[in-house]
Amino acid sequence: MASSAPVADKSTLLAVVQLLRKYNLKGTEELLKKEANLTDVPLTTDPAQAESDVSSVLSAYKSEGDPEVYEEAYTELKKFVEGSLDIYKHELGMILYPVLVHMYLELVYNGHTEKAVTLMKKFGPEQDCYYQDDLKRLSQVTKKDHMNGNELTDTFKSNQFIIRMSRDTLSLLKRHLQEKRAAVLLNIVQEHLYFDMYEGVARNKQQIDATAGAVTGEATRQDNKAKVYYGIPKGPDFQSLAAPVEDEEEAEGDSPDKKAMIKKKKAKRDPLFSKKTKSDPNAPPPERIPVPELKDNDKMEKIKALRESSKRVNLGPETLPSICFYTLLNSSHTVTCAEVTEDSSMLAVGFSESMVKIWSLLPQRLRCMKSAEELQDIDREADDVLVRMMDGTRGDTCKSLYGHAGPVYHMSFSPDRTLLLTCSEDSTVRLWSLQVWTCLVVYKGHMFPVWDVKFSPQGYYFATSSHDKTARLWATDHYQPLRIFAGHFSDVDCIQFHPNSNYVATGSSDRTVCLWDVVSGNHVRVMTGHKSPIYELAFSNDGRFLASAGADSRILVWDLAHGHLVAELCSHTQSIHALSFSRCGNILASAALDCTLKLWDFNKLIEETNNEDVNVSHNPDVRTGDGYLLRSFATKSSPILNLHFTRRNLLMAVGMYDFA
């Protein structure tokens, strides 16, 4: 009867039979042969061969108990990588870091602390500079108990490290591992590494470094295959509301012919609304997410914004923006964040003493609501009831809001400027009324400090990010979150709505940028390339590009169509905390703790990107250099917290004077 054991299992069983023969356990040998249908076991006369078969099978278990094997296996792997052809060397080198990490953790787990420390000291400093911080944190883990609840070790233990590799490089690596039969290496490669194979030429060191650096390796190509509706939907038609009030009054007492003539004149006089906007083929269907209908007051506000934007200056290398800088004095250790309204009428500043202050940036003061007695006399059915509710006789230049029980980390104004969201270390988000100047709702859902909060461009929805590794989508009229975006391996430090409100982008301390679909709650883009936590995100006006920046002092620009990194802008020397696109979309402004503000030629970058053929299999060459830097402005000693372009393209910046 033929043996039914698979080939790999059969060789294992034969090796066990050899071991039983070695120790003269004949009864057990016969039972095993009978149960496993091993009828034709050859009698090995060469004891060395028998010993080899047995040791190759048992080495997988022996490796856990023999700490000497690890250093030897790593040295062998390193020699193989360094001795490979230059075309494959850099891709093969990507496995050295995750293998070292898992060897270290395995040694610590099995109680071989001394060997683990020796291994880390010998090979740790050789790893890429962007992994050194993680290795330093890992070297603090010297006992099995230290691994319990450690964020970094938990991430490595429960997730595979993703390595993108060409078919040729991967087959070369597999051949080496099979020849060496190093069980320690094989176990780590099979259990803890995931190879995302692609067809084509192996990548060079520059291409690898561009997208390396995340805690769990690179994003797989599958992560970025979903369709993204990055276009902007066609806006509502304001033609009917756009008529100037004077013309309407003038036309009331006139004949029908004269009315028609005035209408014709109006159409000529106001080309802003007569232009037909083309529908964007990449835009989401208008009904994809439910949004409350615009009130007449909101429509009039949008018309006002359109009129104002029609007077703006188009920026470029020859026409740079003027900059208005607000310096906060005597506040260098207390100010945590700043925010300006969309219409540039108010400035909000958050403090570490859990307070928020709001200033009017216009000659008009911040108005309060009338008293209860005065409100009783107001006609509630009037169209301008909200205006009538406000007391125009008195007002303040500054208002203070109290309620949080910890530092305020971020704020966001609603598009209509009647509401303000704030988030804090106390793990809550508060919604404030800017009419009665009091807290309306406290949203409790996060279990740890909330780092960022943003209103949707259409209002109603808002998103938060937290130390609990999640981001959440909320609606102002719901106490509980509508969606929880889970998938990051560390703090979610910043969040930003896409201009069409259908997506939310998050930046994390795990050094990845994710794009989430608010409808499904799933991530549709995962982008790696940052070497440190990410603190700021900004979408381009057309919704196709995303700029991200953080503690690594670099700005990375991503193409959301494919999830590719298209540019790396390096000039700052410290953490970047502010990014803003001009209203015309031609200029990207950035500001950092190095007390500088820089203007980049985004239009030039996009034109060059659009002229290039995209290779969808892996990331194209990344544009770098100072060729895109238009101008750099330095403050005397004021780190910059916030940047904001007005509707007419004046750049506003907010910083705090650091006397130290």
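Residues numbered from 1 in each chain as written. Predicted model: local features only at pLDDT ≥ 70, side-chain atom pairs only at ≥ 80, totals over all residues. Heavy atoms only, no water.

*Asks:* Is there a simple way to explain helix α4 (residues 68-83) in this structure?
*Replies:* Counted at 1.5 Å a residue, the expected span for α4 with its 16 residues is 22 Å, and the 23 Å between its end C-alpha atoms agrees. Among the residues of α4, those classed as buried are Tyr70, Ala73, Tyr74, Leu77, Lys78, Phe80 and Val81. Viewed end-on, α4 has its buried residues packed into an arc of 160°, placing them on one side of the element. More than 90 degrees from the buried face of α4, the exposed residues found are Glu72, Lys79 and Gly83. (Helix = DSSP H or I, 4+ residues; strand = E, 2+ residues; numbered from the N terminus. Expected span 1.5 Å × (residues − 1). Buried < 20%, exposed > 50% of the residue type's maximum accessible area, 1.4 Å probe, protein only. Arc of directions from axis to C-beta.)

*Asks:* Please explain the pairing of strand β12 (residues 428-433) as it appears in this structure.
*Replies:* Put simply, side chains in a regular strand alternate between the two faces of the sheet. By the criterion of burial, β12 is predominantly enclosed, with six of the six residues buried. Residues Thr428, Arg430 and Trp432 point to one face of β12 and Val429, Leu431 and Ser433 to the other, with burial holding for every one of them. With five bridges joining them, strand β11 (residues 419-424) and β12 adopt antiparallel strand pairing. Residue Leu420 lies in a different strand from β12, and its bridge partner there is Trp432. As defined by bridge partners, β12 adjoins strand β13 (residues 438-444) across six bridges and the pair is classed as antiparallel. Its bridge partner lying in β13, Trp432 is registered against Cys439. The hairpin turn running from β12 into β13, its antiparallel successor, is four residues long, and Trp437 in that turn takes a positive phi close to 55°. (Pairing = 2+ DSSP bridges.)

*Asks:* How should the pattern of salt bridges be read in this particular structure?
*Replies:* Working definition: two side chains of opposite charge can pair if their charged atoms are close together. Evaluation of the coordinates by the stated rule reveals 32 salt bridges. With a shortest N-O distance of 2.9 Å, Glu71 and Lys122 are connected by a salt bridge. Pair noted here: Glu71 is in helix α4 and Lys122 is in helix α7 (residues 113-123), with a separation of 51 residues, a long-range link. Among the residues examined, Lys122 registers a relative accessible area of 43% and is labelled partly exposed. The salt bridge involving Arg137 is made with Glu151; its shortest N-O contact spans 4.0 Å. Of this pair, Arg137 sits in helix α8 (residues 132-138) while Glu151 sits in helix α9 (residues 151-158); the two residues are 14 residues apart in sequence, bridging distant segments of the chain. Since its relative accessible area comes to 42%, Arg137 is described here as partly exposed. (Salt bridge = Lys/Arg side-chain N within 4 Å of Asp/Glu carboxyl O.)

*Asks:* What is the right way to read the pairing of strand β26 (residues 576-581) from this model?
*Replies:* In terms of burial, β26 is a largely internal element, five of the six residues being buried. The turn linking β26 back onto strand β27 (residues 587-592) is made up of five residues, and Gly585 within it adopts a positive phi angle of 85°.

*Asks:* I would appreciate a short explanation of the packing of aromatic side chains in the present structure.
*Replies:* Aromatic ring pairs are defined here through the distance separating the ring centres and the angle between the ring planes. For the coordinates displayed, the defined rule picks out 14 aromatic pairs. Residues Tyr130 and Tyr131 carry aromatic rings whose centres are separated by 4.9 Å and whose planes lie at 70° to one another, so their mutual orientation is edge-to-face. In this structure, Tyr130 and Tyr131 share a single accessibility class: buried. Ring-pair connections join several aromatic residues into one group, and the members of that group are Tyr97, Tyr130, Tyr131, Phe156 and Phe161. Sitting over the face of the ring of Tyr109, Lys144 holds its NZ or CZ atom 4.3 Å from the ring centroid. Lying over the aromatic face of Tyr130, Lys531 brings its terminal NZ or CZ to 4.8 Å of the ring centre. (Phe/Tyr/Trp six-rings, centres within 6.5 Å; stacked < 30°, edge-to-face > 60°. Lys NZ or Arg CZ within 6 Å of the ring centre and 35° of its normal.)

*Asks:* How should the sheet that holds strand β3 (residues 323-328) be read in this particular structure?
*Replies:* Through backbone hydrogen bonds, the strands of a sheet pair up, either in parallel or in antiparallel fashion. Taken in spatial order, the three strands line up as β3-β31-β30 in an open sheet, and their pairing is mixed. Whereas interior strands pair on both sides, the edge strands pair on one side only; in this sheet they are β3 and β30 (640-645). Strand-to-strand twist of the sheet, defined as the mean angle between neighbouring strand axes without regard to direction, takes the value 15°. Relative to strand β31 (residues 651-656), β3 runs parallel, the two sharing six bridges. Along β31, the bridge assignment pairs Phe325 with Ala653. (Axes fitted to C-alpha atoms, helices over the stretch in contact; angles between N-to-C directions.)

*Asks:* Before we go on, may I ask you to explain helix α19 (residues 602-610) in this structure?
*Replies:* Since the α-helix turns once every 3.6 residues, residues separated by three or four places project in the same direction. Residues Phe602, Leu605, Ile606 and Thr609 constitute the buried set of α19. The arc that holds every buried residue of α19, seen down its axis, measures 95°, which confines them to one face. Among the structural elements, β23 (545-550), β24 (554-559), β25 (564-570), β26, β27 and β28 (596-601) are those in contact with the buried residues of α19. One side-chain oxygen of the residue at the start of α19 lies 3.5 Å from the amide nitrogen of Asn603, identifying that residue as Asp601. (Contact = heavy atoms within 4.5 Å. Polar contact = N/O pair within 3.5 Å; in protein donor to acceptor, adjacent residues only side chain to side chain.)

*Asks:* Help me understand a nonpolar patch on the surface in this model?
*Replies:* On the surface, Leu85, Ile87 and Val201 cluster together into a nonpolar patch covering about 300 Å² of accessible area. Assignment of secondary structure puts Val201 in the loop between β2 (193-198) and α12 (205-211). With relative accessibility at 57%, the residue Val201 sits in the exposed group. (Patch = residues over 30% accessible without salt bridge, like charges linked within 9 Å, V, L, I, M, F, W, Y side chains within 5 Å. Areas by Shrake-Rupley, 256 points an atom, 1.4 Å probe, with all protein chains shown as cover.)

*Asks:* How should I be thinking about the packing of α4 against α7 in this particular structure?
*Replies:* In helix packing, the relevant descriptors are the interaxial angle and the interaxial distance, both defined with respect to the helix axes. Relative to each other, α4 and α7 sit at 20°, their axes nearing to 9 Å. The angle between α4 and α7 falls in the class roughly parallel. Handedness of the α4/α7 crossing: right-handed. Taking contact as the criterion, the partners of Glu68, Glu71, Tyr74, Thr75 and Lys78 in α4 are, on α7, Lys115, Thr118, Leu119, Lys122 and Phe123. Residues belonging to the contact of α4 with α7 are distributed by class as follows: three nonpolar, two polar and five charged. (Parallel < 35°, antiparallel > 145°, perpendicular 65-115°, else oblique. Left-handed = near helix turned anticlockwise from the far one by under 90°. Nonpolar A, V, L, I, M, F, W, Y, C, P; charged D, E, K, R; others polar.)

*Asks:* In this structure, what is going on with the environment of Met103? I would like to understand it.
*Replies:* Looking at the element boundaries, Met103 is found in helix α6 (residues 96-109). Once the C-alpha coordinates of Met103 and Leu119 are considered, the two residues, 16 residues apart in sequence, prove to be 8.5 Å apart. When sequence neighbours within four positions are dropped, the list of residues in contact with Met103 reads Tyr70, Ala73, Tyr74, Leu119, Val184, Leu185 and Ile188.

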